[in-house]
Amino acid sequence: MDVKTDILSKYKAKVFKSRKDHIIRVEGGGEQAIAANTRAIPGIMTNRGCCYAGCKGVVLGPLKDAMVITHGPIGCGFYSWGTRRNKARANEDGENFVQYCFSTDMQEPDIVFGGDKKLRKAITEAVEIFRPKRILVCSTCPVGLIGDDIHAVAAWAEKEFGITCVAFSCEGYKGVSQSAGHHIANNGLMKRIIGTDDSVRPGRHKINLLGEYNIGGDGWESERILRKIGYEVVAVFTGDGQVRDVANSHTADLNLVQCHRSINYVAEMMKDAFGVNWLKVNFIGVKATSETLRDIAEFFGDTELKEKTEEVIEEETSLIAPEIARYRSRLEGKTAALFVGGSRSHHYQALLRDFGVETVLAGYEFAHRDDYEGRRIIPTIKEDADSKNIENLVMDKDARYRVYLTPERLSELKGKIPLEDYAGLMTDMRDGTYVVDDLNHFETEEFIRHLKPDVFFSGIKDKFVVQKGGTLSRQLHSYDYSGPYAGFRGSVIFGRDLTMGLYAPAWNLVTPPWASARA
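So, here is what we can say about the structure in this document.

Rules behind the numbers
Per-chain numbering applies: the sequence of each chain, read as written, is numbered from 1 onward. The predicted nature of this model means local features are confined to residues of pLDDT at least 70 and side-chain atom pairs, given and counted, to a pLDDT of 80 or more, with totals for whole chains, interfaces and linings taken over all residues. Only hydrogens and water are set aside; all other atoms, that is, all heavy atoms of the structure, feed into the side-chain values. Any two strands are treated as partners once DSSP identifies two or more bridges connecting them. Each helix is a run of DSSP H or I of at least 4 residues and each strand a run of E of at least 2, with the numbering of both proceeding from the N terminus. Angular values range over 0 to 180 degrees, each being the angle between N-to-C directions of two axes fitted as lines to C-alpha atoms, with helices fitted over their stretch in contact. Any two residues whose heavy atoms approach within 4.5 Å at even a single point are treated as in contact. Disulfides are defined as pairs of cysteine sulfur atoms found within 2.5 Å of each other. Any residue under 20% of the maximum accessible area for its type is buried, any over 50% is exposed, and the rest in between are partly exposed; the area is computed with a 1.4 Å probe on protein chains only. Exposure above 30% relative accessible area and the lack of any salt bridge qualify a residue for a patch; like charges then connect within 9 Å, and the nonpolar side chains Val, Leu, Ile, Met, Phe, Trp and Tyr within 5 Å. Calculation of accessible area relied on Shrake-Rupley with a 1.4 Å probe; when residues are assessed, cover is drawn exclusively from the protein chains displayed. One speaks of a salt bridge when a side-chain nitrogen belonging to Lys or Arg is within 4 Å of a carboxyl oxygen belonging to Asp or Glu. Each direction from the helix axis to a C-beta atom contributes to the arc, which is the arc of those directions.

In this section: the sheet that holds strand 3 (residues 134-139). The three strands lie next to each other as 2-3-4, forming an open sheet whose pairing is parallel. Bordering the open sheet on either side are strand 2 (67-71) and strand 4 (164-168), each of which pairs with just one other strand. The sheet shows a mean angle of 20° between the axes of neighbouring strands, taken without regard to direction. Examined bridge by bridge, strand 3 and strand 4 share five bridges and lie parallel to one another. Residue pairing in the sheet places arginine 134 in a bridge with threonine 164 of strand 4. Here helix 5 (residues 116-130) sits on the sheet and contacts strand 2, strand 3 and strand 4; the angle it forms with strand 2, its principal contact strand, is near 155°. Strands strand 2, strand 3 and strand 4 of the sheet are contacted by helix 7 (residues 150-161), whose axis makes an angle of about 175° with strand 4.

Shown next, in the form of structure tokens:
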């Protein structure tokens, strides 16, 4: 009996039917479909978040020049705190709202009689105390249920205080996971922010970095490398990012998409409206970062830029080579499991391979099928009621639409680099490994028992369950207060942290359950 069959056999018939297509044993020689972006089974210990978490907690929260107000009970304000470690430096005028927590703290009377008055009061107090130029309002479940019109309140605030105020109806129950919140945030940015500032910055080769949330300083390391080569980074969506830069992002020549799931909507809409091409990139891992930098240079087709790219790659890799080799000597032959959101379960496999670590299990919390199988299958995905619940913007060509590449050059590049394409996680998984969508706690323990990975990369919700079972778990949502892990220098930090974790003497005091179980 293989691992998948054994795990599924422990479910009752109804659960078995719901979960069987979410677990894939990778086999070469044919296309494999996986079920994804469907509702989690009630009662299953899922690690997913809600729509509000995706909108406020992931996409909007890292914007440092915007005050993000959570309209809802204080319990929903968990994602108002700095739980994701989105690092941000104050800009020249000292503005940085990332470290603050703003909530309307709705109480029972507000639920009964309406909370819009409380939201107006909260915005008024915020303007008096902090003088923000921009306020973003994110709603939680009760707001959608009682019908508070946060968009009307936002329009009032703009007129009353002369500021930018945008509301996002991201009630937690919308969609099936935080993925819906990403889409809603993307739509709001496209409708109200992107394209509102036409000033053109100096410099050649202007780019935006999309889907980079600066966890542990990742974005700063990626930006450092890009600027060193000579790129002008117009905007970062949204780690250490600013609304004022996002407003100007349509003037860039190319969008770099790091986290496909959370930001592909903006990439597609900017392409349709403004003609900005997008390129799938990965700044996680030495080899992956080098390949990404070469792909970007290939897009621009500038000989001088290509030469500078190779120069920077050589300089950066030579500096870290001794440390990479040292950590590889301790890590080679180890195995890993990854269950993270965004694209991290895919990206980090490249970094693990730099150290000789192979992945035996990988999956996402809130992926769609194209995150697993690649964008080629998008036309075949059947739209369900949950997907229809989220507005899908169709963009017409803007008057400022411009073509950077000729049709011939576009066709040529698509054969060389991942231009407006993403092959998906499963293409990089070895035969015999497992891909699981929406992995739950029971399946986590069962897969660990069967596959016995040396390390399980996940988030805070399952980290300590795994470690109490005798397997090291490292967070890839917040890096366990370390980082950055991106780029060349980040790879060394990752290797150091993983080595310290695996070789900590404390593991001599822990006996994994399978080591003492009866045969």
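Quick look at the state of the cysteines now. Should the sulfur atoms of two cysteines be covalently bonded, the bond is a disulfide. This model, assessed by the stated rule, comprises zero disulfides. Lacking any disulfide linkage, cysteine 76 is separated from the closest cysteine sulfur, that of cysteine 141, by 6.4 Å. The thiol of cysteine 138 is unpaired, and the distance to the nearest cysteine sulfur, on cysteine 170, comes to 4.3 Å. The class for cysteine 138 is buried, based on a relative accessible area of 0%.

Bringing the sheet that holds strand 5 (residues 206-212) into the picture now. Ordered by their spatial adjacency, four strands build an open sheet running 6-5-7-8, and the pairing between neighbours is parallel. Looking at strand neighbours, the two that pair on one side only are strand 6 (232-238) and strand 8 (277-280), the edges of this open sheet. Strand-to-strand twist across the sheet, computed as the mean angle between neighbouring axes with direction ignored, equals 25°. Bridging between strand 5 and strand 6 involves six bridges; their strand directions are parallel. Residue pairing across strands places glutamate 212 opposite threonine 238, the latter belonging to strand 6. Against the sheet, helix 11 (residues 260-274) engages strand 5, strand 6, strand 7 (254-257) and strand 8, with an angle of about 145° to strand 5.

Attention now moves to a nonpolar patch on the surface. A grouping of Ile111, Val112, Phe113, Leu145, Ile146 and Tyr173 is seen on the molecular surface, where their side chains present a nonpolar patch of about 640 Å² in accessible area. Elements supplying a minimum of two residues to the nonpolar patch: helix 4 (108-113) and helix 6 (141-146).

Listed in full, the buried residues belonging to helix 19 (residues 460-468) are Asp462, Lys463 and Val466. Around the axis of helix 19, the buried residues are gathered within 125° of arc, so they sit on the same side. Buried positions along helix 19 lie against strand 9 (335-340), helix 18 (441-451), strand 12 (455-458) and strand 13 (472-475). Glycine 470 occupies a position one or two residues after helix 19 and carries a positive phi of about 100°.

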